[in-house]
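Remarks on the overall topology
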Amino acid sequence: MFNLAVLISGRGSNLQAIQKNIESGILQNMAQIAVVISSKADAAGLTFAREHGLTAVICPAEKDVLAELVKYNIDLICLAGYMRIISPEFVQKYAGKIINIHPTLLPKYPGLHVHEKVLAAGEKESGCTVHYVDTGVDTGKIIAQRKVPVLPGDTPDTLAARVLEQEHILYSEVILSLCQK
Ligand code: GAR
């Protein structure tokens, strides 16, 4: 069984999609979430985690995250809306074992407020990317992407929702492919 740590800071819809696939989808009997780590005490994802019997902890500082991770035999660390920059020491310690999901077609539009930027640039398509985490911001090696059209009349919210649907599919697909390696 592949042991995941899922790191969140907020809503946790990607966490939910992963857990749903573990309970009754493509990750069944393949992976399990050993621990959910939130940088914020009020993250909605924490409530979901606890309701689903997952171990869930609040770690405001990176040293707390590292102290938590060593308690489990973690195969893969999945950043899922985790709004903290990871230090080079952390990246090095878990080299090749940290992945992130980002709501654009990287290398285009790293960082924040990305849907606004996609719309302002007049892009015809957007999407999401799962990539390995390196010491840059959204710069690590790309593993997989899914695309969506940008539609006339889109707002940042409508585009974000269309991308998020694809994130929920993509993240579990990538986790499965890494489990099978
Ligand atoms: C997702 O759209 C994710 O791609 C994005 O935050 C959202 C978290 O939603 N992550 C980033 O922008 C990281 N650069 P969730 O908490 O519902 O999974």
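Residues numbered from 1 in each chain as written. Predicted model: local features only at pLDDT ≥ 70, side-chain atom pairs only at ≥ 80, totals over all residues. Heavy atoms only, no water.

Per an unreviewed UniProt entry, the protein goes by Phosphoribosylglycinamide formyltransferase and derives from Termititenax aidoneus. Check the Catalytic activity (unreviewed entry) section of the UniProt entry for the protein; it says "N(1)-(5-phospho-beta-D-ribosyl)glycinamide + (6R)-10-formyltetrahydrofolate = N(2)-formyl-N(1)-(5-phospho-beta-D-ribosyl)glycinamide + (6S)-5,6,7,8-tetrahydrofolate + H(+)". Regarding the protein, the UniProt comment filed under Pathway (unreviewed entry) reads as follows: "Purine metabolism; IMP biosynthesis via de novo pathway; N(2)-formyl-N(1)-(5-phospho-D-ribosyl)glycinamide from N(1)-(5-phospho-D-ribosyl)glycinamide (10-formyl THF route): step 1/1." (UniProt positions renumbered as here; feature names shortened; annotations may be inferred.)

1. Quick notes on the site of the ligand
By nearness alone, every residue bordering the ligand is listed as Arg 11, Gly 12, Ser 13, Asn 14, Gly 81, Met 83, Ile 101, His 102, Pro 103, Asp 138, Leu 164 and Glu 167. Contact distances for the ligand include 2.9 Å between an oxygen atom and a backbone N or O atom of Asn 14. A distance of 3.1 Å is found between a nitrogen atom of the ligand and a side-chain nitrogen or oxygen belonging to His 102. Looking at the shell around the ligand, the elements with two or more residues in it are helix H1 (13-24), strand E5 (98-102) and helix H6 (156-179). Residue classes in the shell around the ligand are distributed as four nonpolar, five polar and three charged. (Near = heavy atom within 4 Å. Polar contact = N/O pair within 3.5 Å; in protein donor to acceptor, adjacent residues only side chain to side chain. Helix = DSSP H or I, 4+ residues; strand = E, 2+ residues; numbered from the N terminus. Nonpolar A, V, L, I, M, F, W, Y, C, P; charged D, E, K, R; others polar.)

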